[in-house]
Amino acid sequence: MSKHLKILEFVLSSLLRRKFKNLGIVAVFSFVVFILASILFLTHAFKAESLAILEGAPELIVHKIAGGRHDLTALRYGDEIAGIPGVGRVLPRYWGYYYDVSTGANYTIMGATGSPRSTLQLVRGAFIEAGQRGVCVLGQGVAEARLTGLNGIVPIMGANGELYRFQVVGVFTDPSTLLTNDLMLIAPEDIREIFDIRPDMATDIVVQVFNPSEVANVAKKIKYRFPELRPITRTEILRTYETLFSWRSGLVILTFVGALVAFGILAWDKATGLSAEEKKEIGILKAIGWETSDILALKFWEGAVLSLVSFLTGLIAAYLHVFFFGASVFAPALKGWSVIFPEFRLRPTIDPYQIFVLIFLTVLPYIAATIVPSWKTAITDPDIVMRG
Amino acid sequence: MLHLEQVTKIFNKGKPNEVVAVRDVSLEIPRGSLSVLKGPSGSGKTSLLGLMGCMSRPTAGRIVVGERDVAKLPERFLTEVRRKTFGFIFQHFHLIAGISVLENVMLPLYPTQMPLGEIRRRAEGVVDDLGLSARKHFAVQGLSGGEQQRVAIGRALINDCEVVLADEPTAHLDTTLSEELIGILRRLHGEGKTVVIATHDPLVYDRAFVQQVIEMRDGRIVPA
């Protein structure tokens, strides 16, 4: 141990000797880690948010398709679906996107009394009670965009051109900002009026299935019996999110392939040979009594110090970039045009597996690239190495 | 102390650029002696010095250091013999640029079990003896040739070696500095160390204190 500490001390002064070269390596290395880590953090955070959205979401929803587009669903379908064996409760849902001209933001307005999901909680205020009209519960993003809060007023333009005023009775908090950020809850009667939904129609229908493993079968039966309906299972949505973010992250990584290639060249350059100066130094150290294992320890620590410093720098920069600065570099590519406005801040979540993958992709190859050529030189007689 | 028997060293054996650097050399370096290997450039002095100091292995022949035949020792043991027995002073100093005088002198002891504080104390003692105290924190590349040579001597002495091997130690020094260096080597000899100097400088080999002069030409020892 004491031997390694001494070698480490020599490594540190050794690294300072070539500070410009080493700073260059740290800069390139950190940049590569920053890119990869940012993309992984962001993708993971989006996936985590997606999972949070789906936690407590209905196992199966059904809506009508008219000419390939989403159309309002007649309530009579609910009565017929309820007759399928294995189906429990069937409930209509009322929701729709609302474009707010004053803020330029899209909100999701949903008609519900009480909490639409067990996972949702309010920062302050209360949920809407049955029969209560003219009130709303807001997501934090909507509240911020409208510069309002509890007891404030949110005006909404109805389909008939009339302006409806809703008093804020509650503001959401949630483990998932993504879930409630753009959400505005109002009474089902109010939403039907605003969106001009007939009393025998709903936006879609939530189907409860007693046995979760039967969800896919029930979906098949609905599709078979009502070809004009589209059943969507929670698993399908989850798979879509996973695929979407993985595909997007792959695309972003591709755009930075140049940086990755530069890093590859750097590692390859190190792996394929040492400079004459480095070779001579190894020869000197061997000549004055350093063993091959000592040289390898020296090179290991040199590679480890450089790569770990770079790795931590890149990792911390990526963490700050993603979770404190909204991933301004990559978010547009990863979120896509359709995802959530107003802006929201991702919850910091890191998967240890990702850190392991990053280390495996960057630190280990670099250390190996440092050790291998040194080993080739270190096993040669010092007399021959020093002669060049 | 050192016994060489029919030693041959061939570089790049079997390749178009094959060079026979040392041919069938046998010699004896007694313990505590001061010997000189003399001869023109390319005569094989440096190669022979490297073989004596376990810096390379002979292509043929035996080399005995103390009681141990080192010609076929595994690399690890050869390094141990090199570290514990020999101190090298190279023609081109071969110091590590960018680190201080003290760190260069400390280098041979880094991979040992000796605590860092003890290594530092010992190195400071050596640096003081060589008159380099005022420069001990200077980076070596900023020193004069004479000072660099003294740092190289300090590095050779830090492990309290039995044998000092010096390769053309006066090649880059003027007469005054050469005399100073010769004085240091004589002092080491006086302290009981075995000293072997490879040189073609008459200032070194034409001296009364030299006990053995071995002349080399074309990789062979010229009979006296």
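Residues numbered from 1 in each chain as written. Chains lettered and ligands numbered in written order. Predicted model: local features only at pLDDT ≥ 70, side-chain atom pairs only at ≥ 80, totals over all residues. Heavy atoms only, no water.

Turning to helix α5 (residues 145-157) of chain B, a few remarks are in order. With 13 residues, α5 of chain B should reach 18 Å at 1.5 Å per residue; the first-to-last C-alpha distance of 18 Å fits that figure. All buried positions along α5 of chain B are accounted for by Gly146, Glu147, Gln148, Gln149, Arg150, Val151, Ala152, Ile153, Gly154, Arg155, Ala156 and Leu157 of chain B. The secondary structure elements touched by the buried residues of α5 of chain B are α10 (276-287) of chain A together with β6 (86-89), α3 (101-106), α4 (116-129), β7 (163-167) and α6 (175-190) of chain B. (Helix = DSSP H or I, 4+ residues; strand = E, 2+ residues; numbered from the N terminus. Expected span 1.5 Å × (residues − 1). Buried < 20%, exposed > 50% of the residue type's maximum accessible area, 1.4 Å probe, protein only. Contact = heavy atoms within 4.5 Å.)

Turning our eyes to something else, we now look at the pattern of salt bridges. Between side chains of opposite charge, pairing is possible as soon as their charged atoms come close. Residue and element names in this part refer to chain A. Evaluation of the coordinates by the stated rule reveals 27 salt bridges over all chains. Put simply, aspartate 190 and arginine 133 hold a salt bridge, and the shortest N to O gap is 2.6 Å. Pair noted here: aspartate 190 is in helix α6 (residues 188-194) and arginine 133 is in the loop between β6 (121-125) and β7 (135-138), with a separation of 57 residues, a long-range link. By relative accessible area, aspartate 190 is classed as buried at 6%. Exposure remark for arginine 133: the relative accessible area of 41% places this residue in the partly exposed category. Taken together, the shared-partner salt bridges connect Arg17, Arg18 and Glu281 into one network. (Salt bridge = Lys/Arg side-chain N within 4 Å of Asp/Glu carboxyl O.)

Residue and element names in this part refer to chain A. Remark: helix α11 (residues 292-323) packs on helix α13 (residues 352-378), axes separated minimally by 9 Å, with the N-to-C direction vectors making an angle of 150 degrees. One element, α11, and the other, α13, form an angle in the roughly antiparallel class. Considering the relative orientation of α11 and α13, their crossing is right-handed. Between α11 and α13, the contacting residues are Thr292, Ile295, Leu296, Lys299, Phe300, Gly303, Ala304, Leu306, Ser307, Leu308, Phe311 and Leu315 on the first element and Ile355, Leu358, Ile359, Thr362, Val363, Tyr366, Ile367, Thr370, Ile371, Ser374, Trp375 and Ala378 on the second. Grouping the amino acids of the contact of α11 with α13 by side-chain chemistry returns 17 nonpolar, 6 polar and 1 charged. (Axes fitted to C-alpha atoms, helices over the stretch in contact; angles between N-to-C directions. Parallel < 35°, antiparallel > 145°, perpendicular 65-115°, else oblique. Left-handed = near helix turned anticlockwise from the far one by under 90°. Nonpolar A, V, L, I, M, F, W, Y, C, P; charged D, E, K, R; others polar.)

Below, the discussion takes up the interface of chain A and chain B. Tallying the contact residues gives 25 residues for chain A and 33 residues for chain B. Across the chain A to chain B interface the summed buried area is about 2700 Å²; carbon plus sulfur atoms make up 58%. By the criterion of area lost to chain B, the three top residues of chain A are Lys6, Ile288 and Glu291 of chain A, representing 23% of everything that side buries. Linking chain A with chain B are 3 salt bridges. With its nearest N and O atoms 3.8 Å apart, the salt bridge here joins arginine 76 of chain B to glutamate 291 of chain A. The tally of links from chain A across to chain B stands at 10 residue pairs in polar contact (both at pLDDT 80 or more). Among the elements of the structure, α1 (2-17), α10, α11 and α14 (382-387) of chain A are those that each provide at least two residues to the side of chain A that touches chain B. At 7 residues, α1 of chain A tops the list of elements feeding residues into the side of chain A that touches chain B. (Buried area = accessible area lost by both parts, 1.4 Å probe. Polar contact = N/O pair within 3.5 Å; in protein donor to acceptor, adjacent residues only side chain to side chain.)

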